[in-house]
Structures are given as structure tokens and as C-alpha cells.
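Chain by chain, the residues:
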Amino acid sequence: MYAIISMKDTVRVPPKEFGGKLDEAIKKILKEEYEGIVDESVGVIVAVLEVEKVGQGKVVPGDGSAYYESQYKALVYKPEIKEIVEGAITEITEFGAFVRTGPIEGLIHVSQIMNDYINYDAKGPGFIGKESGKKLGLEDQVTARIVTCSLKGNIPNSKLGLTMRQPGLGKEEWLAVDLKKKEKQKKAKEETKKPEKKEEKRKKK
């Protein structure tokens, strides 16, 4: 999920930035240093929004820069296990589909795409359910649930594991397919109960 949080750090401001506004210089430095970085405790730092407080500057002997204790607001994205996310399919391979959700791509393993036997279409590329006829292709918008999460140092090294096999997940049009399947199952049950009721009536007579 996304959140806006306050963070603190000591920011090194080089001499070339002394002539301008201090807040703007510190924000520029923080953006360059932290945007796109993954912190395991807070998640992916998507954007530095504003500098809230700047402390007294300190100078280190032999270093012409000044150091400022700074507090700033940042927009972060931290995926949570069991969280439901939305995204677009960015890549399809024989072993699964990749989904862009926020700043991170997650993998939906082929076994977690749908409750059906599926065929992989390399030309598409895409997947097709054998019984349901459900299709999944590039740029499709999907809803999935996070089942595994590993945040490590930067976005390329961070990984999400997703599933679409639970009710209500997958492509929006899959909901109609599932509804029709339930209706057929319901009718089939009703049909099997009718002969049983007739036999009971005969026995009573």
C-alpha cells in the first residue's frame, strides 16, 4: 500500500548549493539519493515530497560541505502479504505472467493464474483456460493478491509473488464466466434432486 511518512537524515550540502534556498537544495539532494531506493522497513521510496524541518548546520574539518539534520515527507510503497492489488500484464513467459503493480513488478506463476488447466500460447503470447475459455494476454488489467514479498536494496532485486486463483481475482470479465459456471452447477444439482423427489413420492404411495 501507499503511505506518506516522515523520515529523518543528515544531508550533506556541498558549497555550490550555498547560494540558493537551503530547503530546495536539501530536497534536491534527498530526491537524487533516495527516490527509487528500497528500504526494508518502509518499502520503496517513490518520491520525496517536502522538507519539513532543517536543523543547525555543522561543518566537518577538511570538508567544505555543511551537514544538516533534516526531516522530510516521502511517498512510499510497501507491499503487504494478502493485500489485493491491481496492475497491467507487462510480460508473459512459459512459467507465468509479470504484473506491474505500483513501482514493482510481481510474478504470477503459471500455477496461480486460474482454477483451470491452461495452455500457453507463445505466439500471443498468453494463456487460455481449457474448460473456461478464459484468456490472459499482454496489457490486460488484472486484480491479484500478494502471497510472497521480498524487498532487497533496489527495485530490480525486490520480488512479489501473486495469485489470481481466489474468488473475485483475475480479469474483470472472468467474473461473468465464473457466475455462468456457478449457475450451471446449481441447475445440474437441481436436476439431480428432481428424480429423487419423484421416487420418494412413489414409495409413499
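Just so it is clear, the model here is predicted, and its values are computed rather than measured.

Points about unusual backbone geometry
The omega angle of the peptide bond from G124 to P125 is -15°, so this bond is cis rather than trans. Inspection of the secondary structure puts P125 in the loop between β9 (118-121) and β10 (126-129). The phi dihedral of K82 falls on the positive side, at around 80°, and the residue is not glycine. Structurally, K82 is set in the loop between β5 (66-77) and β6 (84-93). Positive phi values are uncommon outside glycine, yet E139 reaches one of about 70°. Within the secondary structure layout, E139 lies in the loop between β11 (135-137) and β12 (141-150).

Some points on the side chain of E83
Considering the arrangement of structural elements, one finds E83 in the loop between β5 and β6. Buried within the structure, E83 lacks any salt-bridge partner; its nearest side chain of opposite charge belongs to R145, at an N-O separation of 9.5 Å. At 3.0 Å, the side chain of E83 forms a polar contact with the backbone nitrogen of E80. Beyond its immediate stretch of four places on either side in the chain, E83 contacts M1, K78, A144, R145 and I146.

Some remarks on the sheet that holds strand β7 (residues 96-101)
As summarised here, the arrangement of the 5 strands in space is β6-β7-β8-β13-β12, forming a closed barrel in which the pairing is mixed. Direction aside, the axes of adjacent strands within the sheet are offset by 50° on average. Of the strand pairs in this sheet, β6 and β12 are connected by 5 bridges, and their pairing is antiparallel. When the bridges of β12 are listed, A88 appears paired with Q141.

Here's the deal with the layout of surface pockets
The volume enclosed by the largest pocket comes to roughly 550 Å³. What lines the largest pocket is a set of 23 residues, among which K134, W174, V177, D178 and K181 lie closest to the centre. Looking at side-chain class alone, the lining of the largest pocket contains 9 nonpolar, 5 polar and 9 charged residues.

Observations regarding the environment of I84
By secondary structure assignment, the location of I84 is in strand β6. Its relative accessible area of 47% is what places I84 among the partly exposed residues. It is 9.7 Å that separates the C-alpha atoms of I84 and V147, two residues lying 63 residues apart in sequence. When near neighbours in sequence (up to four residues on either side) are disregarded, I84 contacts T143, A144, R145 and L169.

Details of the sheet that holds β10
Across the sheet, which stays open at both edges, the 3 strands sit in the order β9-β10-β11 with antiparallel pairing between neighbours. Each edge of the open sheet is held by one strand with a lone partner, namely β9 and β11. Adjacent strand axes in the sheet meet at a mean angle of 15°, parallel and antiparallel pairs treated alike. Pairing between β9 and β10: 4 bridges, direction antiparallel. Counterpart to I118 in the pairing with β10 is G129.

Section: helix α1 (residues 22-34)
When the terminal C-alpha atoms of α1 are compared, their 18 Å separation across 13 residues agrees well with the 18 Å that a helix rising 1.5 Å per residue should span. Listed as buried for α1 are A25, I26, I29, L30 and Y34. Taken around the axis of α1, the buried residues stretch over an arc of 135°, which confines them to a single face. Projecting away from the buried face of α1 at angles above 90 degrees are the exposed residues E24 and E32. Its buried side turned inward, α1 meets β1 (2-13), β3 (43-54) and β5.

Calculation rules
- Residues numbered from 1 in each chain as written.
- Predicted model: local features only at pLDDT ≥ 70, side-chain atom pairs only at ≥ 80, totals over all residues.
- Heavy atoms only, no water.
- Helix = DSSP H or I, 4+ residues; strand = E, 2+ residues; numbered from the N terminus.
- Buried < 20%, exposed > 50% of the residue type's maximum accessible area, 1.4 Å probe, protein only.
- Lys, Arg positive; Asp, Glu negative; His and termini not counted.
- Salt bridge = Lys/Arg side-chain N within 4 Å of Asp/Glu carboxyl O.
- Polar contact = N/O pair within 3.5 Å; in protein donor to acceptor, adjacent residues only side chain to side chain.
- Contact = heavy atoms within 4.5 Å.
- Pairing = 2+ DSSP bridges.
- Axes fitted to C-alpha atoms, helices over the stretch in contact; angles between N-to-C directions.
- 1 Å grid on protein atoms, 1.4 Å probe; cavity = no way out; pocket = protein on both sides within 12 Å on 5 of 7 lines; lining within 4 Å.
- Points joined across faces, edges and corners; volume = space filled by probe spheres on them.
- Nonpolar A, V, L, I, M, F, W, Y, C, P; charged D, E, K, R; others polar.
- Expected span 1.5 Å × (residues − 1).
- Arc of directions from axis to C-beta.

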